[in-house]
Amino acid sequence: MYKLERGGRVLVAATTAAVMLLSMVVTFQSDAAVASTYTIQWGEGPDLKTPFKGLKALKAGDKLVFSYTNTDSYNVMEVDRDRYINCNGVGPTVYHTGNDTFELAKGVHYFICGAYDYCLNNNMKVNVTVI
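Throughout, a residue's number is its position along its own chain's written sequence, starting from 1. Given that this is a predicted model, residues contribute local features only at a pLDDT of at least 70 and side-chain atom pairs are listed and counted only at 80 or more, while totals for whole chains, interfaces and linings are drawn from all residues. To get the side-chain values, take all heavy atoms of the structure and skip hydrogens and water.

By the naming in an unreviewed UniProt entry, the protein chain goes by Phytocyanin domain-containing protein and is assigned to Castilleja foliolosa.

Check the secondary structure of the protein chain and you find three helices and six strands. Starting at the N terminus and ending at the C terminus, the protein chain contains elements arranged as α-β-β-β-α-β-β-α-β. The classification of residues rests on relative accessible area computed with a 1.4 Å probe and restricted to protein chains. Under 20% of the type maximum is buried, over 50% is exposed, and intermediate values are partly exposed. Within the span of the protein chain, comprising 131 residues, buried residues form 32% of the whole. Here, Shrake-Rupley sampling with a 1.4 Å probe gives the accessible areas, and only protein chains in the shown set may cover a residue. Carbon together with sulfur atoms contributes 55% to the accessible area of the protein chain, which is approximately 8900 Å² in total. Runs of H or I in DSSP of at least four residues are treated as helices and runs of E of at least two as strands, each being numbered from the N terminus.

A separate point is the state of the cysteines. We call a pair of cysteine sulfur atoms a disulfide whenever their separation is within 2.5 Å. With the rule as written, the count across this model stands at one disulfide. Linked covalently through their sulfurs, Cys87 and Cys119 form a disulfide whose S-S length is 2.1 Å. Taking the torsion about the sulfur-sulfur bond, which here is approximately -65°, the covalent link between Cys87 and Cys119 counts as left-handed. Taken together, the residues Cys87 in the loop between helix 2 (81-86) and strand 4 (99-103) and Cys119 in helix 3 (residues 118-122) connect sequence positions 32 residues apart.

Its location among the elements puts Val130 in strand 6 (residues 125-130). According to the relative accessible area criterion, Val130 is buried, its value standing at 3%. In this structure Val130 touches Leu58, Lys59, Ala60, Leu104, Ala105, Lys106, Gly107 and His109, once residues within four positions along its chain are discounted. It only takes one pair of heavy atoms within 4.5 Å for two residues to be counted as in contact.

Okay, the sheet that holds strand 6 next. Across the sheet, three strands lie side by side as 3-5-6; this open sheet has antiparallel pairing. Either end of the sheet is taken by a strand with one partner, and the two such strands are strand 3 (77-79) and strand 6. Between one strand axis and the next, the sheet turns through 30° on average, direction left out of account. At least two DSSP bridges between two strands are required for those strands to pair. Bridge count between strand 3 and strand 5 (residues 107-112): three bridges; the pairing is antiparallel. The residue bridging Glu78 from the neighbouring strand is Phe111, located in strand 5. Whenever a helix is involved, its axis is fitted only over the stretch in contact; in every case the axis is a line through C-alpha atoms, and angles between N-to-C directions fall within 0 to 180 degrees.

Quick look at the pairing of strand 5 now. Bridge count between strand 5 and strand 6: six bridges; the pairing is antiparallel. Note that in strand 6 the partner of Tyr110 across the bridge is Asn127.

A word on the packing of aromatic side chains. Pairing of aromatic rings covers Phe, Tyr and Trp, the last through its six-membered ring, and needs centres within 6.5 Å; plane angles under 30 degrees mean stacked, over 60 mean edge-to-face, and all others mean tilted. Inspection of every chain in the model, using the stated rule, returns nine aromatic pairs. Seen from their ring centres, Phe66 and Phe111 are 4.9 Å apart, and the 50° between their planes marks the pair as tilted. Note that Phe66 is positioned in strand 2 (residues 63-67) and Phe111 in strand 5, a separation of 45 residues in sequence. You can call Phe66 buried: its relative accessible area is 0%. Here Phe111 falls in the buried class, since its relative accessible area comes to 0%. Between Tyr84 and Tyr110, the ring centres sit 5.1 Å apart and the planes meet at 45°, which makes this aromatic pair tilted. Remark: Tyr110 occurs in strand 5 and Tyr84 occurs in helix 2; sequence separation between them is 26 residues. Given the relative accessible area of 15%, Tyr110 is considered buried. Through a chain of ring-to-ring contacts, three or more aromatic side chains come together here, namely Trp42, Phe66, Tyr95, Phe102 and Phe111. Between the NZ or CZ atom of Lys125 and the centre of the ring of Tyr84, over which it lies, the distance is 4.7 Å. Geometrically, a lysine NZ or arginine CZ counts as sitting over a ring once it is within 6 Å of the ring centre and also within 35 degrees of the ring normal.

Right under this line is the structure:
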């Protein structure tokens, strides 16, 4: 702390404000630094949702990776709610690298496999809520 003959309060107040601002910047940056990556082993199954029950506390900035080896048969599409419910993969961008990564923003995200009838008949879809 500085000791001044006159105007000391102004300097102390300015210093305190600067420390608070720096503190907020560091907090914001540290929140971004703790973003997590979650990997989904993407493939057929009668109950694809079972492995994803742990994905309830996703935060904005987290990443969701869809991992699969059969890139000729599987893909991933991020769709709206109606397309998710109806397994309608017409229109959105198709990802099929076998390591498709999505950085998540706040809100609900819906993903389906648009190949063949995997979404409709094999429940190859997942939705996540990001806070």
